[in-house]
Amino acid sequence: MAGNSFGNLFKLSTFGESHGEALGGIIDGCPAGIELDLSKIQLDLDRRKPGQSAIVTQRKEPDEVRFLSGVFEGKTTGTPIGFVIENTNQKSHDYSHIKDSYRPSHADYVYDKKYGFRDYRGGGRSSARETASRVVAGAIAKQMLKGIKINAFVSSVGSIQLEKDYTELDLANAETNIVRCPDTALASKMEDYIKQIRKEGDTVGGVVTCVIQNVPIGLGEPVFDKLHAELGKAMLSINAVKGFEYGSGFGGSSMKGSQHNDLYNEDGTTKTNYSGGIQGGISNGMDIYFRVAFKPVATIMQTQKTINKEGEEVEMQGKGRHDPCVVPRAVPIVEAMAALVLADYTLINNSILR
(Lines give C-alpha, C1' and ligand atoms only; values in the text may rest on other atoms or scores of the structure.)
Protein backbone atom coordinates (compact mmCIF):
# COMPACT_ATOMS: atom_id res chain seq x y z
CA MET A 1 0.00 0.00 0.00
CA ALA A 2 1.56 3.27 -1.13
CA GLY A 3 0.69 6.81 -0.04
CA ASN A 4 1.48 6.64 3.67
CA SER A 5 3.70 9.74 3.71
CA PHE A 6 2.96 13.45 3.48
CA GLY A 7 5.31 16.38 2.90
CA ASN A 8 8.59 17.14 1.17
CA LEU A 9 11.22 18.43 3.62
CA PHE A 10 9.06 18.19 6.75
CA LYS A 11 7.75 14.70 6.10
CA LEU A 12 5.37 12.48 8.07
CA SER A 13 4.95 8.74 7.50
CA THR A 14 2.23 7.01 9.52
CA PHE A 15 1.53 3.38 10.35
CA GLY A 16 -1.03 1.28 12.19
CA GLU A 17 -4.65 0.20 12.04
CA SER A 18 -7.75 1.04 14.04
CA HIS A 19 -7.78 -2.31 15.87
CA GLY A 20 -4.09 -3.17 15.71
CA GLU A 21 -1.60 -2.95 18.56
CA ALA A 22 -0.77 0.70 18.02
CA LEU A 23 -0.70 3.67 15.68
CA GLY A 24 2.36 5.80 15.13
CA GLY A 25 4.56 7.78 12.84
CA ILE A 26 7.99 8.97 11.84
CA ILE A 27 8.67 12.66 11.25
CA ASP A 28 11.66 13.27 9.04
CA GLY A 29 13.24 16.68 8.42
CA CYS A 30 12.30 18.43 11.64
CA PRO A 31 15.11 20.90 12.49
CA ALA A 32 17.19 20.38 15.61
CA GLY A 33 16.86 22.53 18.70
CA ILE A 34 13.11 23.12 18.72
CA GLU A 35 11.97 23.18 22.34
CA LEU A 36 8.86 21.05 22.66
CA ASP A 37 6.05 21.45 25.14
CA LEU A 38 4.91 17.82 25.33
CA SER A 39 1.77 18.80 27.24
CA LYS A 40 0.58 20.83 24.23
CA ILE A 41 1.07 17.82 21.97
CA GLN A 42 -1.00 15.70 24.34
CA LEU A 43 -3.64 18.45 24.56
CA ASP A 44 -4.18 18.34 20.80
CA LEU A 45 -4.48 14.54 20.99
CA ASP A 46 -7.04 14.93 23.77
CA ARG A 47 -9.04 17.29 21.54
CA ARG A 48 -9.16 14.57 18.86
CA LYS A 49 -9.54 11.45 20.99
CA PRO A 50 -12.75 9.39 21.18
CA GLY A 51 -14.98 9.35 24.23
CA GLN A 52 -14.41 13.00 25.13
CA SER A 53 -18.10 14.02 25.20
CA ALA A 54 -21.67 12.82 24.78
CA ILE A 55 -21.76 13.71 21.05
CA VAL A 56 -18.82 11.59 19.84
CA THR A 57 -17.98 7.90 19.66
CA GLN A 58 -17.82 6.34 23.13
CA ARG A 59 -14.72 4.28 22.40
CA LYS A 60 -12.48 4.99 25.41
CA GLU A 61 -8.86 5.52 24.39
CA PRO A 62 -6.32 7.53 26.41
CA ASP A 63 -4.39 8.27 23.20
CA GLU A 64 -1.16 8.93 25.07
CA VAL A 65 1.78 9.51 22.76
CA ARG A 66 5.16 7.95 23.54
CA PHE A 67 8.25 9.25 21.74
CA LEU A 68 10.86 6.71 20.73
CA SER A 69 13.47 8.91 19.08
CA GLY A 70 14.35 12.40 17.88
CA VAL A 71 13.65 14.19 21.19
CA PHE A 72 16.24 14.67 23.94
CA GLU A 73 15.97 16.83 27.04
CA GLY A 74 12.81 18.41 25.68
CA LYS A 75 14.28 19.45 22.33
CA THR A 76 14.29 17.99 18.84
CA THR A 77 17.63 16.49 17.84
CA GLY A 78 17.24 16.79 14.06
CA THR A 79 17.03 13.02 13.67
CA PRO A 80 13.80 11.19 12.73
CA ILE A 81 11.15 11.57 15.42
CA GLY A 82 9.48 8.22 16.05
CA PHE A 83 6.36 7.88 18.19
CA VAL A 84 3.58 5.43 19.04
CA ILE A 85 0.02 5.67 20.37
CA GLU A 86 -1.20 2.41 21.88
CA ASN A 87 -4.66 1.04 21.09
CA THR A 88 -6.21 -0.10 24.38
CA ASN A 89 -9.99 -0.34 23.85
CA GLN A 90 -10.57 -2.32 20.69
CA LYS A 91 -13.85 -4.25 20.40
CA SER A 92 -13.19 -6.10 17.18
CA HIS A 93 -16.22 -8.36 17.62
CA ASP A 94 -18.37 -5.30 16.84
CA TYR A 95 -17.24 -5.74 13.22
CA SER A 96 -17.67 -9.50 12.77
CA HIS A 97 -20.95 -8.90 10.94
CA ILE A 98 -19.14 -7.10 8.10
CA LYS A 99 -16.38 -9.66 7.62
CA ASP A 100 -17.89 -10.78 4.31
CA SER A 101 -20.10 -7.77 3.55
CA TYR A 102 -19.45 -4.21 2.41
CA ARG A 103 -20.66 -1.18 4.34
CA PRO A 104 -22.27 1.43 2.06
CA SER A 105 -20.01 4.47 1.44
CA HIS A 106 -17.05 2.89 3.25
CA ALA A 107 -13.77 1.75 1.69
CA ASP A 108 -14.58 -1.96 2.21
CA TYR A 109 -15.51 -2.80 -1.38
CA VAL A 110 -12.69 -0.90 -3.09
CA TYR A 111 -10.11 -2.33 -0.65
CA ASP A 112 -11.15 -5.86 -1.53
CA LYS A 113 -11.05 -5.10 -5.25
CA LYS A 114 -7.68 -3.31 -5.10
CA TYR A 115 -5.75 -5.48 -2.61
CA GLY A 116 -7.71 -8.75 -2.53
CA PHE A 117 -7.61 -8.62 1.26
CA ARG A 118 -8.74 -6.20 3.98
CA ASP A 119 -8.74 -5.69 7.73
CA TYR A 120 -12.46 -5.39 8.44
CA ARG A 121 -11.96 -4.48 12.13
CA GLY A 122 -12.98 -0.83 12.27
CA GLY A 123 -11.90 -0.31 8.69
CA GLY A 124 -8.26 -1.08 9.40
CA ARG A 125 -6.00 1.43 7.70
CA SER A 126 -8.96 3.38 6.25
CA SER A 127 -10.22 4.25 9.74
CA ALA A 128 -10.12 7.88 10.84
CA ARG A 129 -8.19 6.64 13.87
CA GLU A 130 -5.09 6.95 11.66
CA THR A 131 -5.40 10.73 12.02
CA ALA A 132 -4.15 10.56 15.62
CA SER A 133 -0.63 10.29 14.20
CA ARG A 134 -1.21 13.38 12.07
CA VAL A 135 -2.25 15.36 15.15
CA VAL A 136 1.03 14.50 16.91
CA ALA A 137 3.08 15.63 13.92
CA GLY A 138 0.95 18.73 13.46
CA ALA A 139 1.38 19.68 17.11
CA ILE A 140 5.16 19.55 16.65
CA ALA A 141 4.88 21.58 13.44
CA LYS A 142 2.87 24.22 15.32
CA GLN A 143 5.70 24.61 17.82
CA MET A 144 8.17 25.01 14.98
CA LEU A 145 6.07 27.78 13.41
CA LYS A 146 6.83 30.51 15.93
CA GLY A 147 4.33 33.38 15.80
CA ILE A 148 1.94 31.72 13.33
CA LYS A 149 -1.54 31.13 14.78
CA ILE A 150 -3.73 28.30 13.47
CA ASN A 151 -7.33 28.18 14.70
CA ALA A 152 -9.99 25.86 13.34
CA PHE A 153 -13.60 25.71 14.48
CA VAL A 154 -16.95 24.19 13.56
CA SER A 155 -18.93 26.59 11.37
CA SER A 156 -21.85 24.33 10.45
CA VAL A 157 -23.59 21.12 11.46
CA GLY A 158 -26.12 19.97 8.92
CA SER A 159 -28.19 23.03 7.96
CA ILE A 160 -27.25 24.95 11.13
CA GLN A 161 -24.68 27.48 9.90
CA LEU A 162 -22.55 30.14 11.50
CA GLU A 163 -23.37 33.31 9.57
CA LYS A 164 -20.88 35.65 11.29
CA ASP A 165 -17.49 36.33 9.73
CA TYR A 166 -14.58 34.94 11.71
CA THR A 167 -13.33 38.49 12.33
CA GLU A 168 -16.45 39.15 14.42
CA LEU A 169 -15.77 36.19 16.72
CA ASP A 170 -13.46 35.28 19.56
CA LEU A 171 -12.05 32.06 18.16
CA ALA A 172 -10.86 30.98 21.61
CA ASN A 173 -14.52 30.40 22.50
CA ALA A 174 -14.50 27.32 20.25
CA GLU A 175 -12.79 25.36 23.03
CA THR A 176 -15.42 26.31 25.62
CA ASN A 177 -18.05 23.90 24.27
CA ILE A 178 -18.09 20.30 23.04
CA VAL A 179 -19.13 21.21 19.47
CA ARG A 180 -16.14 23.58 19.08
CA CYS A 181 -18.16 26.43 17.60
CA PRO A 182 -17.05 29.92 18.73
CA ASP A 183 -20.66 31.16 18.82
CA THR A 184 -21.80 29.56 22.08
CA ALA A 185 -25.54 30.07 21.45
CA LEU A 186 -25.29 28.40 18.06
CA ALA A 187 -23.08 25.68 19.55
CA SER A 188 -25.91 24.74 21.91
CA LYS A 189 -28.29 24.31 18.96
CA MET A 190 -25.71 22.21 17.12
CA GLU A 191 -25.21 20.02 20.19
CA ASP A 192 -28.96 19.40 20.55
CA TYR A 193 -29.22 18.57 16.86
CA ILE A 194 -26.36 16.05 16.99
CA LYS A 195 -27.96 14.36 20.00
CA GLN A 196 -31.27 14.17 18.13
CA ILE A 197 -29.54 12.65 15.10
CA ARG A 198 -27.86 10.05 17.32
CA LYS A 199 -31.22 9.04 18.83
CA GLU A 200 -32.53 8.49 15.30
CA GLY A 201 -29.65 6.11 14.61
CA ASP A 202 -28.44 8.47 11.90
CA THR A 203 -25.47 10.77 11.25
CA VAL A 204 -24.92 14.31 9.98
CA GLY A 205 -22.10 16.21 8.28
CA GLY A 206 -20.73 19.70 8.74
CA VAL A 207 -18.03 22.23 7.95
CA VAL A 208 -14.80 23.15 9.73
CA THR A 209 -13.37 26.61 9.06
CA CYS A 210 -9.67 27.28 9.62
CA VAL A 211 -7.94 30.65 10.03
CA ILE A 212 -4.14 31.02 9.84
CA GLN A 213 -2.69 34.33 10.96
CA ASN A 214 0.78 35.94 10.88
CA VAL A 215 1.92 33.93 7.87
CA PRO A 216 4.96 35.57 6.24
CA ILE A 217 4.85 36.67 2.60
CA GLY A 218 6.37 34.20 0.17
CA LEU A 219 5.29 30.65 1.09
CA GLY A 220 4.32 28.57 -1.93
CA GLU A 221 5.33 28.37 -5.57
CA PRO A 222 3.43 29.80 -8.56
CA VAL A 223 2.86 26.68 -10.68
CA PHE A 224 2.21 23.15 -9.38
CA ASP A 225 3.27 23.76 -5.78
CA LYS A 226 0.82 26.54 -5.00
CA LEU A 227 0.24 26.96 -1.27
CA HIS A 228 -3.53 26.63 -1.59
CA ALA A 229 -3.13 23.50 -3.74
CA GLU A 230 -1.09 21.81 -1.02
CA LEU A 231 -3.57 22.90 1.64
CA GLY A 232 -6.34 21.44 -0.50
CA LYS A 233 -4.48 18.14 -0.84
CA ALA A 234 -3.88 18.05 2.90
CA MET A 235 -7.53 18.64 3.77
CA LEU A 236 -8.89 16.28 1.14
CA SER A 237 -6.67 13.52 2.56
CA ILE A 238 -8.65 13.61 5.83
CA ASN A 239 -11.31 10.92 6.21
CA ALA A 240 -14.88 11.97 5.30
CA VAL A 241 -13.82 15.24 3.63
CA LYS A 242 -15.84 16.03 0.50
CA GLY A 243 -14.92 19.63 -0.23
CA PHE A 244 -12.33 22.38 0.22
CA GLU A 245 -12.56 26.08 -0.59
CA TYR A 246 -10.34 28.98 0.42
CA GLY A 247 -10.86 32.73 0.40
CA SER A 248 -14.06 33.67 -1.39
CA GLY A 249 -14.34 30.08 -2.62
CA PHE A 250 -17.31 29.15 -4.77
CA GLY A 251 -19.09 32.32 -3.67
CA GLY A 252 -16.49 34.36 -5.50
CA SER A 253 -17.63 32.92 -8.82
CA SER A 254 -20.82 35.01 -8.65
CA MET A 255 -18.98 38.29 -8.05
CA LYS A 256 -17.68 40.86 -10.51
CA GLY A 257 -13.96 41.56 -10.72
CA SER A 258 -14.56 45.10 -9.51
CA GLN A 259 -16.10 43.62 -6.36
CA HIS A 260 -13.65 40.77 -5.88
CA ASN A 261 -10.29 42.50 -6.40
CA ASP A 262 -8.36 43.08 -3.17
CA LEU A 263 -7.13 46.68 -3.41
CA TYR A 264 -3.80 47.51 -1.80
CA ASN A 265 -2.98 49.73 1.12
CA GLU A 266 0.29 51.65 0.99
CA ASP A 267 2.03 49.07 3.21
CA GLY A 268 1.18 46.19 0.86
CA THR A 269 -1.71 44.80 2.89
CA THR A 270 -5.10 44.68 1.20
CA LYS A 271 -8.35 46.44 2.06
CA THR A 272 -10.33 43.22 1.58
CA ASN A 273 -9.20 39.59 1.61
CA TYR A 274 -11.23 37.66 -0.94
CA SER A 275 -7.91 36.06 -1.97
CA GLY A 276 -7.79 34.24 1.35
CA GLY A 277 -4.21 35.26 2.05
CA ILE A 278 -2.83 33.62 -1.09
CA GLN A 279 -2.23 35.20 -4.50
CA GLY A 280 -0.67 33.40 -7.43
CA GLY A 281 -0.13 30.39 -5.17
CA ILE A 282 2.04 32.45 -2.76
CA SER A 283 1.12 33.74 0.70
CA ASN A 284 0.68 37.52 0.76
CA GLY A 285 0.79 38.11 4.54
CA MET A 286 -2.95 38.45 5.01
CA ASP A 287 -5.00 35.89 6.96
CA ILE A 288 -5.32 32.54 5.23
CA TYR A 289 -8.80 31.14 5.72
CA PHE A 290 -10.53 28.11 4.25
CA ARG A 291 -13.47 25.77 4.77
CA VAL A 292 -13.48 21.98 4.83
CA ALA A 293 -16.73 20.05 4.23
CA PHE A 294 -17.25 16.70 5.98
CA LYS A 295 -19.87 14.19 4.88
CA PRO A 296 -22.19 12.37 7.32
CA VAL A 297 -20.48 9.36 8.92
CA ALA A 298 -21.16 6.32 6.75
CA THR A 299 -21.94 3.91 9.61
CA ILE A 300 -25.54 4.44 10.74
CA MET A 301 -27.58 2.46 13.26
CA GLN A 302 -30.30 1.75 10.73
CA THR A 303 -30.88 -1.23 8.48
CA GLN A 304 -29.56 -0.79 4.93
CA LYS A 305 -29.26 -3.05 1.95
CA THR A 306 -25.78 -3.89 0.68
CA ILE A 307 -23.89 -6.74 -0.99
CA ASN A 308 -21.50 -9.39 0.26
CA LYS A 309 -18.36 -10.88 -1.31
CA GLU A 310 -20.50 -13.15 -3.45
CA GLY A 311 -22.40 -10.22 -4.90
CA GLU A 312 -25.56 -11.21 -3.07
CA GLU A 313 -27.87 -8.57 -1.62
CA VAL A 314 -27.92 -8.63 2.18
CA GLU A 315 -29.17 -6.40 4.97
CA MET A 316 -26.81 -4.66 7.37
CA GLN A 317 -27.12 -2.48 10.44
CA GLY A 318 -24.29 -0.56 12.07
CA LYS A 319 -22.98 -1.83 15.40
CA GLY A 320 -20.43 -0.62 17.89
CA ARG A 321 -19.29 2.90 18.78
CA HIS A 322 -19.36 5.58 16.10
CA ASP A 323 -19.54 9.37 15.81
CA PRO A 324 -22.96 10.79 14.88
CA CYS A 325 -21.01 13.82 13.54
CA VAL A 326 -17.26 13.99 12.98
CA VAL A 327 -16.70 17.74 12.85
CA PRO A 328 -16.09 18.42 16.58
CA ARG A 329 -13.21 15.91 16.61
CA ALA A 330 -12.01 16.98 13.15
CA VAL A 331 -11.03 20.48 14.33
CA PRO A 332 -7.56 19.50 15.64
CA ILE A 333 -6.98 17.31 12.57
CA VAL A 334 -7.60 20.25 10.23
CA GLU A 335 -5.23 22.38 12.31
CA ALA A 336 -2.59 19.64 12.24
CA MET A 337 -2.67 19.21 8.47
CA ALA A 338 -2.48 22.98 7.98
CA ALA A 339 0.55 23.10 10.30
CA LEU A 340 2.27 20.29 8.37
CA VAL A 341 1.85 22.20 5.10
CA LEU A 342 3.15 25.46 6.56
CA ALA A 343 6.11 23.76 8.25
CA ASP A 344 7.03 22.03 5.00
CA TYR A 345 6.72 25.18 2.90
CA THR A 346 8.67 27.20 5.47
CA LEU A 347 11.60 24.78 5.17
CA ILE A 348 11.32 24.79 1.37
CA ASN A 349 11.31 28.59 1.34
CA ASN A 350 14.33 28.74 3.63
CA SER A 351 16.28 26.31 1.43
CA ILE A 352 15.52 28.34 -1.69
CA LEU A 353 16.50 31.65 -0.11
CA ARG A 354 19.85 30.42 1.23
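Look up a bit, the structure's there.
This report concerns the structure included in the present document. (Residues numbered from 1 in each chain as written. Predicted model: local features only at pLDDT ≥ 70, side-chain atom pairs only at ≥ 80, totals over all residues. Heavy atoms only, no water.)

1. Topic: the sheet that holds strand β4 (residues 65-67)
An order of β1-β2-β3-β7-β4 is seen for the 5 strands of this open sheet, with the pairing classed as antiparallel. Only two strands of the sheet have a single partner each, and these edge strands are β1 (5-6) and β4. Strand direction decides the pairing type here: strand β2 (residues 11-16) and strand β3 (residues 22-28), joined by 6 bridges, are antiparallel. The partner of Thr14 across the bridge, within β3, is Gly25. (Pairing = 2+ DSSP bridges. Helix = DSSP H or I, 4+ residues; strand = E, 2+ residues; numbered from the N terminus.)

2. Concerning the state of the cysteines
The full count for this structure, using the stated rule, is 0 disulfides. Cysteine Cys30 shares no disulfide, and the gap to the nearest cysteine sulfur, in Cys210, comes to 20 Å. Of the cysteine sulfurs around Cys210, a residue in no disulfide, the closest is that of Cys181, at 15 Å. (Disulfide = S-S within 2.5 Å.)

3. Quick word on the packing of aromatic side chains
Enumeration according to the criterion identifies 5 aromatic pairs in this entry. Ring geometry for Tyr111 and Tyr115: centres 5.5 Å apart, planes at 70°, overall edge-to-face. With Tyr111 and Tyr115 both in helix α2 (residues 108-115) and 4 residues apart, this pair spans about one turn of that helix. For Tyr115, a relative accessible area of 36% translates into the label partly exposed. (Phe/Tyr/Trp six-rings, centres within 6.5 Å; stacked < 30°, edge-to-face > 60°. Buried < 20%, exposed > 50% of the residue type's maximum accessible area, 1.4 Å probe, protein only.)

4. What to know about a nonpolar patch on the surface
On the surface, a cluster of nonpolar side chains totalling about 260 Å² of accessible area is made up of Tyr109, Val110 and Ile307. By secondary structure assignment, the location of Tyr109 is in helix α2. What makes Tyr109 partly exposed here is its relative accessible area of 40%. (Patch = residues over 30% accessible without salt bridge, like charges linked within 9 Å, V, L, I, M, F, W, Y side chains within 5 Å. Areas by Shrake-Rupley, 256 points an atom, 1.4 Å probe, with all protein chains shown as cover. Salt bridge = Lys/Arg side-chain N within 4 Å of Asp/Glu carboxyl O.)

5. Some remarks on the environment of Met190
Tracing the backbone shows Met190 in helix α4 (residues 184-199). When the C-alpha positions of Met190 and Gln42 are compared, they lie 27 Å apart, and in sequence the two are 148 residues distant. Those residues in contact with Met190 that sit more than four places away from it in its chain are Val154, Ser155, Ser156, Val157, Ile160, Val179 and Cys181. (Contact = heavy atoms within 4.5 Å.)

6. Overview of the sheet that holds strand β8 (residues 149-157)
Judged by pairing direction, the sheet is antiparallel, and its 5 strands sit side by side in the order β9-β8-β10-β14-β11 without closing on themselves. Two strands bound the open sheet, and with one partner strand each, they are β9 (160-161) and β11 (241-246). Bridge count between β8 and β9: 2 bridges; the pairing is antiparallel. Looking across to β9, one finds that Val157 is bridged to Ile160. Lying on the sheet, α4 is in contact with β8 and β9; it crosses β8 at an angle near 55°. Relative to the sheet, helix α5 (residues 227-236) contacts β11 and β14 (288-294), its axis offset from that of β11 by approximately 160°. (Axes fitted to C-alpha atoms, helices over the stretch in contact; angles between N-to-C directions.)

7. A short note on the pattern of salt bridges
Using the criterion set out here, one finds 18 salt bridges in the structure. Of the charged contacts, one joins Arg48 and Asp63 as a salt bridge, the two residues approaching to 3.3 Å between their closest N and O atoms. On the criterion of sequence distance, the pair formed by Arg48 in helix α1 (residues 38-48) and Asp63 in the loop between α1 and β4 is long-range, its members being 15 residues apart. The shortest N-O distance in the salt bridge between Arg329 and Asp323 comes to 2.7 Å. For the pair Arg329 and Asp323, one class covers both residues: buried. Shared partners join several salt bridges into a network, and the residues in it are Asp44, Arg47, Lys142, Glu175, Arg180 and Glu335.

8. Points about α2
By the burial criterion, the buried members of α2 are Asp108, Tyr111 and Asp112. In an axial view of α2, the angular spread of the buried residues amounts to 95°, which keeps them on one side of the axis. Of the exposed residues in α2, those oriented more than 90 degrees away from the buried face are Val110, Lys113 and Lys114. Of the residues one or two after α2, Gly116 is the one with positive phi, at around 75°. (Arc of directions from axis to C-beta.)

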